[in-house]
Amino acid sequence: MEIERKYLLDKLPDNLEPYSFHFIEQCYLCTAPVVRVRREDDTYYLTYKGDGLLMREEYNLPLNQSSYEHLKSKADGQIITKKRYLIPLGDCYTVELDVFSGSYDGLFLAEVEFPSKEAADAFNPPNWFGKEVTFDPRYHNSYMSSHSHL
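For clarity, every value in this text was computed on a predicted model and none was experimentally measured. (Residues numbered from 1 in each chain as written. Predicted model: local features only at pLDDT ≥ 70, side-chain atom pairs only at ≥ 80, totals over all residues. Heavy atoms only, no water.)

Engineer: Could you give an account of the side chain of Gln-26, with specific residues and numbers?
Structural biologist: In this structure, Gln-26 sits in strand 2 (residues 20–31). According to the relative accessible area criterion, Gln-26 is buried, its value standing at 0%. At a separation of 2.7 Å, a polar atom in the side chain of Gln-26 contacts the side chain of Arg-38. Apart from the residues lying within four places of it in its own chain, the contact partners of Gln-26 are Arg-36, Val-37, Arg-38, Gln-78, Ile-79, Ile-80, Lys-82 and Asn-141. (Helix = DSSP H or I, 4+ residues; strand = E, 2+ residues; numbered from the N terminus. Buried < 20%, exposed > 50% of the residue type's maximum accessible area, 1.4 Å probe, protein only. Polar contact = N/O pair within 3.5 Å; in protein donor to acceptor, adjacent residues only side chain to side chain. Contact = heavy atoms within 4.5 Å.)

Structure below.
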């Protein structure tokens, strides 16, 4: 079960250099239900995501590069590209800060995953987060893949 909250950022925080990051490329074979293929650096996945905004099922299956490339050629819509920074937030959480490129260049989204709905409900975002968009389906990458702008 994936439990996460999402926030827009008006600008990037200062000093991102010390944080680890991944380059991500992903596209969608289906958006209802969500079936995605992703390259994260040199690792490849097929992902199924169930319905939901705050909480939803998620299953990841490993792929090799040639399977990824084959499935990518079958995808609908545009390929989503982003650089994902992993920023510790206290002792409990990690902010996944997505800096989009391509069609969504200039979009910055912060996501935080939680162990329970209660933990998600109790979360107080840091002041550098902007508007919460957890319940706005336009900020799901699956939606973004089939629309040129939000």
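Engineer: Lay out the side chain of Thr-134 with the relevant residues and their values.
Structural biologist: Mapped onto the elements of the fold, Thr-134 is located in the loop between helix 2 (117–122) and helix 3 (141–145). In terms of polar contacts, Thr-134 uses its side chain to reach the backbone amide nitrogen of Lys-6, at 2.8 Å. Among the polar contacts listed, one links the side chain of Thr-134 to the side chain of Glu-132, at a separation of 2.7 Å. Discounting residues that sit within four places of it in the chain, Thr-134 has contacts with Glu-4, Arg-5, Lys-6, Leu-53 and Leu-54.

Engineer: Can you tell me about the pairing of strand 8 (residues 93–101), naming the residues and giving the values?
Structural biologist: By the bridge criterion, nine bridges tie strand 7 (residues 76–89) to strand 8 in an arrangement that is antiparallel. In the sheet register, Ile-87 faces strand 8, and the bridge partner there is Val-95. Taken together, the five bridges between strand 8 and strand 9 (residues 108–113) define a ladder with antiparallel strand orientation. Each bridged residue has a counterpart across the sheet, and for Leu-97 the counterpart in strand 9 is Ala-110. (Pairing = 2+ DSSP bridges.)

Engineer: Can you lay out the pattern of salt bridges for me, pointing to particular residues and giving the numbers?
Structural biologist: In this structure the tally under the stated criterion is 15 salt bridges. Here Glu-111 ties to Lys-6 by a salt bridge, and the two come within 3.6 Å at their closest N and O atoms. You can see Glu-111 sitting in strand 9 and its partner Lys-6 sitting in strand 1 (residues 2–8), a full 105 residues away along the chain. In this pair, the class of Glu-111 matches that of Lys-6, namely buried. Measuring nitrogen to oxygen at the nearest pair gives 4.0 Å for the salt bridge that ties Glu-111 to Arg-84. Of this pair, Glu-111 sits in strand 9 while Arg-84 sits in strand 7, and the two are 27 residues apart along the sequence. Both residues of the pair, Glu-111 and Arg-84, count as buried. A single network of salt bridges, built from pairs that share partners, joins Lys-6, Lys-82, Arg-84, Glu-96, Asp-98 and Glu-111. (Salt bridge = Lys/Arg side-chain N within 4 Å of Asp/Glu carboxyl O.)

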